[in-house]
Amino acid sequence: MSLFITFEGIDGAGKSTQFRLVAERLQQLGYSVCCAREPGGTAIGDQIRQLLHDVKNKEMTAEAEILLYSASRAQLVREFILPHLANGEIVLCDRYADSTYAYQGYGRKLDFAMLRWLTNFATQGLRADLIVYLDLDVTEGLRRKATSPEALNRMDQLGRAFYEQVQQGYLEMAKTEPERWLIVDAAAPIAEMNQLICQRIEKMLRFVA
Ligand code: TYD
């Protein structure tokens, strides 16, 4: 039995905390869990991540950007995700294809048909069984980022309007496929959010067991 679960949300939504808590919970339940993140997650992907995040790369075009995210994803899918799924494990991924649709599609306004083709090519058609989307108000996301000790990356420098489009994009995608998406209010207490996420995953695990 394998399961592929991805975590999505605008920056500052608290994805990484929930990601870690869910991985811990599943491990406690005795499941074999593998964790990855995008961009990156492989030796090659981590080099691509540096290029994508480097604030000095101001001249990077939207076309180069999408190809780099896709290259990192292609490597991660073949080198890490597919082998672990084939081994019957649960794979959790911090961001995946829906980040591309939200940021490069709704945010950068790249053509959706092209994004779908490219994503399908990069992933060999692998789609997440469940997408956990942490929905956070953009103002709060920007406030959290401004007070975060983490260094800002190239994608953190986009304006409010961009993040609002990204958020709208996530919500639109989630609403069209409610059976694959779980929308979580990221303003809720951490434990409450975690309970909601774990309940949904444990229900899926009972179903696929
Ligand atoms: P990261 O430092 O991993 O932050 P986070 O904690 O928000 O995941 O930054 C990843 C950034 O890359 C984030 O701003 C979203 C962006 N991104 C895209 O624009 N397209 C993509 O396909 C992916 C995977 C990420």
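See the structure above.
Here the structure is a predicted model, which means the values were calculated and not measured.

Q: Break down unusual backbone geometry for me, citing the residues and quoting the values.
A: Cis geometry marks the peptide bond from Glu38 to Pro39; its omega dihedral reads -15 degrees. A positive phi angle, near 70 degrees, is found at Lys109, a position not held by glycine. Mapped onto the elements of the fold, Lys109 is located in the loop between helix 4 (97-107) and helix 5 (112-123). Residue Lys109 is classed as exposed on the basis of its relative accessible area, which comes to 55%. The phi dihedral of Gln124 is positive, around 55 degrees, even though this residue is not glycine. Locating Gln124 in the fold gives a position in the loop between helix 5 and strand 4 (130-135).

Q: A description of the pairing of strand 1 (residues 3-9) should follow, citing residues and the corresponding values.
A: Burial within strand 1 is extensive, with 7 of its 7 residues counted as buried. The two faces of strand 1 match: Leu3, Ile5, Phe7 and Gly9 on one face and Phe4, Thr6 and Glu8 on the other face are all buried. Note that strand 1 and strand 3 (residues 90-94) share 5 bridges and pair parallel. The partner of Phe4 across the bridge, within strand 3, is Val91.

Q: Explain the nonpolar core to me, and be specific about the residues and the numbers.
A: Ranked by size, the top nonpolar core spans 67 residues in total, and within it Phe4, Ile5, Ile81, Leu92, Tyr103 and Ile201 carry the most contacts. With sequence-adjacent residues up to four places away left out, Ile5 is seen in contact with Ile90, Val91, Leu92, Cys93, Leu130, Val132 and Ile201.

Q: Summarise the pattern of salt bridges; cite the residues concerned and give the values.
A: Taken as a whole and judged by the stated rule, the model has 15 salt bridges. With its nearest N and O atoms 2.7 Å apart, the salt bridge here joins Glu38 to Arg73. Of this pair, Glu38 sits in the loop between strand 2 (33-37) and helix 2 (43-53) while Arg73 sits in helix 3 (residues 62-86), and the two are 35 residues apart along the sequence. One exposure class covers both Glu38 and Arg73, and it is buried. Arg127 is the salt-bridge partner of Glu177, the closest N and O atoms lying 3.1 Å from each other. Of the two residues, Glu177 sits in the loop between helix 7 (160-176) and strand 5 (181-185) while Arg127 sits in the loop between helix 5 and strand 4, which places them 50 residues apart along the sequence.

What counts and what doesn't
- Residues numbered from 1 in each chain as written.
- Predicted model: local features only at pLDDT ≥ 70, side-chain atom pairs only at ≥ 80, totals over all residues.
- Heavy atoms only, no water.
- Helix = DSSP H or I, 4+ residues; strand = E, 2+ residues; numbered from the N terminus.
- Buried < 20%, exposed > 50% of the residue type's maximum accessible area, 1.4 Å probe, protein only.
- Pairing = 2+ DSSP bridges.
- Core = buried A, V, L, I, M, F, W, Y, C linked by side-chain atoms within 4.5 Å.
- Contact = heavy atoms within 4.5 Å.
- Salt bridge = Lys/Arg side-chain N within 4 Å of Asp/Glu carboxyl O.

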